[in-house]
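Residues per chain, in single letters:
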Amino acid sequence: MATPTPLSRLFTVLLTGVLVGLVLAVVALPGNLLLGLATQAALGNYAALPDALRTPATPQRSYLYANDGKTLITTFYDVNRSDVTLAEIAPVMRQAIVAAEDRRFYEHGGVDLRGMLRALVTNVTEGGTEQGGSTLTMQYVRNVLKTDPSRTAEERAAATEQTVGRKLQEVRYANALEQRLGKDEILNRYLNIAYFGSGAYGIAAASQRYFSTAPAELTLAESALLAGLVQAPEAYSPIDGDADAALARRAYVLDAMAETGAISAEQAAEAKAEPLGLHPSEQPNGCTATASERDGWGFFCDYLRRWWLAQPEFGDTVAEREQALRGGGYTVVTSLDPQVQATAQKQATSVYGYDNPRAVPIAAVEPGTGRVLAMAVNRHYSLDDNPDGQVNYPNTVNPLISGGGSVAGYQAGSTFKLFTMLAALESGRPLSTGFDAPSRLPTRYSAGTDDSSCGGKWCPANANPQWMDGYRMMWDGFGRSVNTYFVWLAEQVGPEKVVEMAQRLGITFRAESDANFAEDNAANWGAFTLGVAATTPLDLANAYATVAAEGTYCAPLPVVSVTAPDGQPLPVGDPSCRQALDPDVARAATDAARCPVGQQSAFGQCNGGTATAVNRILDGRPVAGKTGSSERAATETFVGFTPQVAVAGIAANPDDPTDLVGSAVQARVIDAVAQIIATAVDGQPEQAFTAPSQTLVGDPRRPVERGPFTDRRQTADDPLSTFDRWLQGRRG
C-alpha cells in the first residue's frame, strides 16, 4: 500500500477546502438549487470540451487476417486496445466495474461530491492509503487526456498532475460529458480505455490477455478480478504482479457487488472460492510476432506493411501512415491464401533447407487483380542472431521475395524472353516469324574479350546447340529457349522496346546499374532479353500474370479489404488495373508459352520444352510458363501460370552472386512452382486459354529470315543442308 507524499497531502488539503466549501453551500440551500446553478455556471460546457472527449480517437490495434477473414496473421499496436460495444461486454463485468470504482455512478451527475469529500477527508485525517474520490466519468476524462495522440507529451503528462487546477478541470469536463452523454455510453467508453495491466488497454484486450476469451464470455469471478485491477494495475496483475493481492482485490469487488445488490452473498462466496483460472495469451504485435510455424507469413506481413506505408490514404507522411497502422484500429483482410502459402513454404524448403545459404524465394499472384496469394522462402522471418559469417540465414527480415531496401533481386535468365516476344508481337511480327538460329550470333553490341566476344562484338551462344540451333519460330524458340533466336528478334524490334515492355509489366530496376542502363543506354542493351537485369519473384510473377489476364496489368496488392474502425470500407483495397497489352498480343504470347511446359499450342507448333514435367503435375490442365538460367547457372528460375494464378520461383544465393546454384536445381524449382499452381487451382473450374487471331499467328510455312550463316532461303519444312550444318558447327 502506498504512503501519501507531502505534495499529494498538500494537494488533498487544498482540494478538500475547495470542495468542503462547495458541499456546505449545497447543504445550506434548499433542494438542488445551488448545485444546479453551479453546474450551469461553473462546471461544464460540452461544446468547449477537447475534441478527444467529444469524439474519442484513442489508439486501437489493427488486425491483419488471411483472405478467409478469420485466420489471424498478426496485429499492430503501440497500445494493445480494441473497442467493443456495451452489448459485447458481459453484464457482470459492467456491474463489477461500477461496484469497484463508482457505486453511485447511476446517481450522480459526473461528480460525486459526497464520495469525493469522504475520500479526501479520510486521506487527510487517517494518513493511510489514499482513497479515490474520482467517479468513472472523471477517470474516463483523465484516461482520454493522458492518451490523446493529438496532444503534446507535456499536455498528456499534465492530465495526471497533482494540482487543484487539474482536478477542477477534470470535474468540469466530467460534468459536461454527463450533460450530453447517457450513463451507458460513458460506461462503455470507460471500459474501452481503462488500463488493466500487463499491457492490456480496454476490456477487450484485458479479457484476451488474462483469460483468452471475449468480454461477452467473462464469468463473475473473471469480471471481479479484472474490475479490481484498474485501481493499481501493475500491483494487482496476477501475471506481472502479486497473485495473492489480485485474489484479495477480487474478493473486495465481489463484496462490493453484493452490497450494491448486483449479486447475492452466496454468489459472492462461490466466486471467491474459485481459483484464479488464468489462461493468459500474448497479443501478437508486428510481423515478427507471426507464429513460428508460419515463417512465410512474416515476409508477407512485411510486404503488406511496406505497401501500407506507401499509401497516401493513411497519412501525408510515412510517420503518419505508420501511426495509422499501429493505432488506427483498422481491420485488414489480406490477400494471403493459407493453403497456397502452406504449399509454397513447403516447396521452398524442399528445394533448400533453412540452414542453406542458397534461397528459393517464391511468389504467387492472382491474374486480373494483382492480389498476392503467397510469399515463401526458406528463411525464418526473425531478428534473431545468425551464426558468425551468415548474413541472411537462417534468420532475416530482408524482403527477399518482393525486393526493396538492400535487396535488388536476382537475374532470372530466359524468363525475360517473354518481353522480347511481346514487343515483337506488338510491333506486328506474328508467332510464325522464323529465323535460322545459329549456335552463336554476332551482334552490333560492343563486348570485351571474354568468351562471349566475337571480334569485339557481343556474340551470345545457345546453351545446347544440337537441340536449339536451326530454323525457329516464336513457338519453338520460346519452348526450347533459343538464345540466338531471341537476341536476333530483340535486334529486329529494338532492345529499348523490350526494356520498355518489361517496365510496362511491372519489372522494377532496383539495382542502380540496371536503372542507369535502362535510362541511358536501353537501345544497346542487347543482353536484356537473356535476363541479365535483377528482378524478384513478385515482379516476375505479376508480369506473367498480366499475360495470363490477357494484357490486364494490376499493381501487386496484398489486401482484399481495409475497414476503418467505424465499419466503413476504404477503396484502398480495390485492385488498380490497366490494359497494358492488346488482348490478342497476350493470347499469342500465351500460346507460345504452352511449349516450354510440355503442352501444345492451339496451332500445333510446339516441338519441345524445358519444363515438360509441369504438364504431368497439372494433369494436362491448361498451363504455360518459362524457365530461366542465368550465366553459368548462377540462378535458376521458373514462372508458370494459368488463368487463375501465376507463380515464380528463383534459386539464388542472396548474399553471394558468385555462388552458382547449378543447373541441377532447375528441375526442383520447376516442380516446386508446379505444385503450388496445383494447390492454387485445386477445386477451381478448368479454364482454357483463348487462341490468338490468325493475324498474330501468321503463316508457319512462310520463308525464313536470312540468318548470318545461311546462304539460301528456306521454308519451315526444308531442313538445313549438310554444308550449312557443318558451317554452323564450325562457327559454334
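Residues numbered from 1 in each chain as written. Predicted model: local features only at pLDDT ≥ 70, side-chain atom pairs only at ≥ 80, totals over all residues. Heavy atoms only, no water.

**Examining the state of the cysteines**
The line we're drawing: Cysteine sulfurs are considered disulfide-paired once they come within 2.5 Å of each other. Helix numbers and strand numbers start at the N terminus; a helix is a DSSP run of H or I with at least 4 residues, a strand a run of E with at least 2. The cut-offs for exposure are 20% and 50% of the maximum accessible area for each residue type, with area from a 1.4 Å probe on protein chains only; residues under the lower value are buried, those over the upper are exposed, and the others partly exposed.
Under the criterion given, the structure shown has 4 disulfides. A sulfur-sulfur separation of 2.1 Å characterises the disulfide bridge that pairs Cys 287 with Cys 301. Every disulfide takes its handedness from the sign of the S-S torsion; for Cys 287 and Cys 301 that torsion is -75 degrees, giving left-handed. A residue pair is termed long-range when its members are at least 10 positions apart, and Cys 287 in the loop between helix H14 (265-273) and helix H15 (295-309) and Cys 301 in helix H15 qualify at 14 residues. Judged by its relative accessible area of 7%, Cys 287 is buried. On the basis of relative accessibility, which here comes to 0%, the residue Cys 301 falls in the buried class. Across the disulfide, Cys 454 is cross-linked to Cys 459 (sulfur-sulfur distance 2.2 Å).

**Looking at the layout of surface pockets**
How we decide: Within this scheme a cavity is a closed region of a 1 Å grid, computed over the protein atoms alone, that accommodates a 1.4 Å probe without allowing it to escape, whereas a pocket is open but has protein on both sides within 12 Å along at least five of seven lines; lining residues each have an atom within 4 Å of a point. Grid points are joined across faces, edges and corners, and a volume is the space filled by probe spheres set on the points. Each residue gets one of three labels, nonpolar for Ala, Val, Leu, Ile, Met, Phe, Trp, Tyr, Cys and Pro, charged for Asp, Glu, Lys and Arg, and polar for the others, Gly among them.
The computed volume of the second largest pocket comes to approximately 880 Å³. Taken together, 35 residues make up the lining of the second largest pocket; nearest its centre are Asn 483, Leu 530, Ser 629, Ser 630 and Glu 631. Those elements giving two or more residues to the lining of the second largest pocket turn out to be helix H19 (465-468) and strand S18 (624-629). A per-element tally of the lining of the second largest pocket places S18 first, with 4 residues. Along the lines of polarity and charge, the residues of the lining of the second largest pocket split into 11 nonpolar, 15 polar and 9 charged.

**Remarks on the nonpolar core**
Buried together is how nonpolar side chains tend to be arranged in soluble globular proteins. Where we set the bar: Side-chain atoms within 4.5 Å are what join buried Ala, Val, Leu, Ile, Met, Phe, Trp, Tyr and Cys residues into a set we call a nonpolar core. We call two residues in contact when some of their heavy atoms are within 4.5 Å.
Among the nonpolar cores identified, the biggest contains 108 residues, and Trp 308, Phe 419 and Met 421 are the most heavily contacted of them. When residues no more than four places from it in sequence are discounted, the contact partners of Met 421 are Leu 431, Met 474, Phe 478, Phe 486, Leu 489, Ala 589 and Ala 592. Formed by 63 residues, the second largest nonpolar core is a distinct cluster that contains Ala 52, Met 138, Ala 205 and Ile 263.

**Concerning the sheet that holds strand S20 (residues 646-651)**
Threshold: Strand pairing is defined by DSSP finding a minimum of two bridges between the two strands. An axis is simply a line fitted to the C-alpha atoms; with a helix, the fit covers only the stretch in contact. Between two such axes, the angle follows the N-to-C directions and lies from 0 to 180 degrees.
The strand order S5-S4-S20-S19-S18 describes an open sheet built from 5 strands, whose pairing is antiparallel. Only two strands of the sheet have a single neighbouring strand rather than two, namely strand S5 (372-376) and S18. Taking the axes of each pair of neighbouring strands and ignoring which way they run, one obtains an average angle of 5 degrees across the sheet. Here 4 bridges tie strand S4 (residues 362-365) to S20, and the two strands are oriented antiparallel to one another. Looking at S20, one finds that Ala 363 is bridged to Ala 648. Here helix H27 (residues 666-681) sits on the sheet and contacts S4, S18, strand S19 (636-641) and S20; the angle it forms with S19, its principal contact strand, is near 25 degrees.

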